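Each chain is listed here by its residues.
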Amino acid sequence: MTSDPLENLACTGQLKPEPPAEAELNGLFLSGQRRLADAEQESLSLESRFDLAYNAAHALALTALRLQGYRSESRYLVFQCLKHTADLPNAQWRVLDQAHRKRNLAEYEGHLEVDESLVAAMIRVARDVEASVRLRLEG
């Protein structure tokens, strides 16, 4: 068994190997950047900012995963892989894990309870992912 965590996930079928496509990478990255900028607009409702920050983080995290040559159908797994795709410390991707759980409650049970501190933390983490992805795209 290999020691590469992403390859191990591919061997178990949780990730799908797929070469990255430049147009997809650019589109995901731009989508993440735009949503992240919108999430920082304090004139929007907190719920809208949460949604924008969550989707920005996902687009950026998916860009990082696609850069490694993998795809996942699981949003949670895309966030969980950030340790390996964007060198993100566990504490940071766990912010996105918390956001993911809250998003699921909102989507499937109609209950969204967020506060300013969570949205601010999501934005900070998404900015860190954005910076990591930018380095990889430029390098």
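Treat the numbers as computed from the prediction; the structure is a model and nothing was measured.

Thresholds, definitions, all that
Residues numbered from 1 in each chain as written. Predicted model: local features only at pLDDT ≥ 70, side-chain atom pairs only at ≥ 80, totals over all residues. Heavy atoms only, no water. Helix = DSSP H or I, 4+ residues; strand = E, 2+ residues; numbered from the N terminus. Buried < 20%, exposed > 50% of the residue type's maximum accessible area, 1.4 Å probe, protein only. Contact = heavy atoms within 4.5 Å. pLDDT = per-residue confidence, 0-100. Phe/Tyr/Trp six-rings, centres within 6.5 Å; stacked < 30°, edge-to-face > 60°. Expected span 1.5 Å × (residues − 1). Axes fitted to C-alpha atoms, helices over the stretch in contact; angles between N-to-C directions. Parallel < 35°, antiparallel > 145°, perpendicular 65-115°, else oblique. Left-handed = near helix turned anticlockwise from the far one by under 90°. Nonpolar A, V, L, I, M, F, W, Y, C, P; charged D, E, K, R; others polar.

In this section: the environment of V78. The topology assignment puts V78 in helix α4 (residues 75–80). For V78, a relative accessible area of 0% gives the class buried. Each C-alpha atom of the pair V78 and A59 lies 9.5 Å from the other, and the pair is 19 residues apart in sequence. The residues contacting V78, other than those within four sequence positions of it, are H58, A61, L62, L65 and S72.

On to the confidence of the model for the protein. Per-residue pLDDT for the protein has a mean of 94; in total, 98% of the residues score no lower than 70. Confidence scores differ between elements of the protein, with helix α6 (residues 90–109) showing the lowest mean pLDDT of 90 and helix α2 (residues 22–39) the highest of 98.

Applying the stated criterion across every chain, the model contains 3 aromatic pairs. Between F50 and Y54, the aromatic rings sit 6.5 Å apart at their centres with planes inclined by 20 degrees, giving stacked as the arrangement. Linking F50 with Y54, this pair stays in helix α3 (residues 46–67), spanning 4 residues, or about one helical turn. Aromatic pair Y76 and W93: ring centres 6.2 Å apart, planes at 75 degrees, arrangement edge-to-face.

On to α6, then. The end-to-end C-alpha separation of α6 is 28 Å, in line with the 28 Å expected for 20 residues at 1.5 Å each. For α6, every residue scored as buried is listed here: W93, V95, L96, D97, A99, H100 and R103. Those residues of α6 that are buried are in contact with α3, α4, α5 (82–85) and α7 (116–138). Looking one or two residues past α6, G110 carries a phi angle of roughly 70 degrees, positive in sign.

Angle between the axes and distance between the axes: these two values describe a pair of packed helices. Running from N to C, α2 and α7 point in directions that differ by 150 degrees, and their axes come no closer than 11 Å. Here α2 is positioned roughly antiparallel relative to α7, judged by the angle of their axes. Along this stretch, α2 crosses α7, giving a crossing that reads as left-handed. Facing α2, whose interface residues are L25, F29, Q33, L36, A37 and A39, α7 presents I123, A126, R127, E130, V133, R134 and L137. By residue class, the composition of the contact of α2 with α7 is 9 nonpolar, 1 polar and 3 charged.

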